[in-house]
Amino acid sequence: MKIKITSLLIFSAALLFSCGSDRKETKELPPIAVIVNGIVENSTSPFVTASGKIEAENSANVSTRMMGYVTKVHVKVGQKVGAGQLLVSINNTDLQAKKAQVDASILQATAGYNNAKKDYDRFVALFNQQSASQKELDDMTARFEMAKAGLEGAKQMRNEVMAQFSYANITAPFGGVVTNTFIKEGDMANPGMPLVSVEGSGKLQVTAMVSESDISKIKQGMPVSIIIKSMNKKVAGKVSEVSLSAKNTGGQFLVKVNLDATDKAILSGMFVNVQFPIEKEANATVSEQVIVPTSALVKQGQLTGIYTVGSGNVAILRWLRIGKNYGDKVEVLSGLSAKEPYIISAEGKLFNGAKVQIN
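Residue indices begin from 1 for each chain and proceed along its sequence in written order. Only residues with pLDDT of at least 70 are given local features in this predicted model, and only at 80 or more are side-chain atom pairs given and counted; all residues enter the totals for whole chains, interfaces and linings. Only heavy atoms go into the side-chain values, all of them from the structure, while hydrogens and water stay out.

Enquirer: Whenever I open this one, the overall build of the protein confuses me. Can you help?
Expert: Counting from the N terminus, the helices are the DSSP runs of H or I reaching at least four residues and the strands are the DSSP runs of E reaching at least two. Summing up its helical and strand segments, the protein has 3 helices and 23 strands in all. Working definition: with a 1.4 Å probe on protein chains only, accessible area under 20% of the residue-type maximum means buried, over 50% means exposed, and in between means partly exposed. Relative to its 359 residues, the protein shows a buried fraction of 33%. When the accessible surface of the protein is totalled, it reaches about 22300 Å², and 54% of it is carbon and sulfur. Methods summary: accessible areas were calculated by the Shrake-Rupley approach with a probe of 1.4 Å, and residue burial reflects only the protein chains presented.

Next up, the structure:
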């Protein structure tokens, strides 16, 4: 009987010890130190932002008008070329044969022309001596003009054949850099088929698409700021072209901007954000625009949110609808009011309902 009572006491003590340890494990976590910004920056944005891409002002996909096998590609991607430099050679055996035929026809036409000219000169002299009739002179004149026209036609045929040779030997239209080759030796070149892509090594420009609500604020010659995303660098530029039609661009208007920078690290194909400064209209009504730093946003799949501070200093995740980008800031269309505080940074990992301490 004593053994049973002793065992029961030991079991009860173990149970009490385990319950005490559970209470220690469920102790509340310390609050996470956070920095909060409750004042919305830029209630009215000073610029319009559009995404774009850098490209060379001079660029061309060089092609040919003739069909034939590529005998040699004289350049490689990244190679610098000068204006008129040979890029691609296409087999021109058929053109060589046509050229030989044309040269032979020119010799034949020249012989006929010389003979007709001698007869014409002879009959002119006889007609002046009244030894030939007007009819004979007219016939000889017609024969001479036909021979002359035949020789001119043969020469023009030769010019046509020689022009075809320029499409068998493709040259660079301007100085620049080879950015792509679309063929290799042995491939069949077809009319209109791009063979080599060349970009001018001079000035660069940005092509950007602007929405219809903002295109009226952009003027030609306007100075702009260009943010190169990959380099985290800002350079200056100037609007060079503004399209006034969005018929073929899906409701977006094309704007071209010339870059003032000559940095060799800036390459064609880089993506940028273009900031167009806008003037505040005198009669415009001021509307509060919510703009937050992109570093404060939370991404979960296709959803974008931000942590706000609720009653009791608790972090609350709010889902947002995002609008335009303004460099390192973004416009909030809905989900956050203008005077509502939000968390910029935290010293720990935030989650919905976490206790926070505002610094």
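Enquirer: How should the sheet that holds strand 15 (residues 271-277) be read in this particular structure?
Expert: The strands making up a sheet associate through hydrogen bonds between their backbones, and the pairing can be parallel or antiparallel. Strand order around the closed barrel formed by 6 strands is 2-11-14-13-12-15, with antiparallel pairing between neighbours. If you compare each strand with its neighbour and ignore which way they point, the axes differ by 40 degrees on average. The pairing of strand 2 (residues 47-56) with strand 11 (residues 204-210) spans 5 bridges and is classified as antiparallel. Across the sheet, residue Glu 55 finds its bridge partner in strand 11, namely Gln 205. Strand pairing requires that DSSP identify at least two bridges connecting the strands. Orientation is described by axes fitted as lines to C-alpha atoms, over the contacting stretch for helices, and by angles from 0 to 180 degrees between their N-to-C directions.

Enquirer: Is there a simple way to think about the pairing of strand 10 (residues 194-200) in this case?
Expert: Successive side chains on a regular strand alternate, one facing one side of the sheet and the next facing the other. In terms of burial, strand 10 is a largely internal element, 6 of the 7 residues being buried. Two elements, strand 3 (residues 59-63) and strand 10, share 5 bridges in a ladder whose sense is antiparallel. Across the sheet, Ser 59 pairs through a bridge with Glu 199, a residue of strand 10. Of the pairings in the sheet, the one linking strand 8 (residues 176-181) to strand 10 comprises 5 bridges and is antiparallel in character. Across the sheet, residue Gly 176 finds its bridge partner in strand 10, namely Gly 200.

Enquirer: What's the story with the nonpolar core in this structure? I'm lost.
Expert: Inside soluble globular proteins, nonpolar side chains tend to come together where they are buried. Residues belong to one nonpolar core when they are buried, are Ala, Val, Leu, Ile, Met, Phe, Trp, Tyr or Cys, and are joined through side-chain atoms within 4.5 Å. Among the nonpolar cores identified, the biggest contains 31 residues, and Val 81, Leu 87, Val 88, Leu 195, Val 196 and Val 198 are the most heavily contacted of them. Mapped onto this core, the elements with two or more residues apiece are strand 4 (68-73), strand 6 (86-90), helix 2 (93-128), helix 3 (134-165) and strand 10. Beyond its immediate chain neighbours, meaning those up to four positions away, Leu 195 contacts Val 62, Ser 63, Thr 64, Ile 90, Ile 170, Thr 181, Phe 182, Ile 183 and Ala 189. Only heavy atoms matter for contacts: two residues are in contact if any of them lie within 4.5 Å across the pair.

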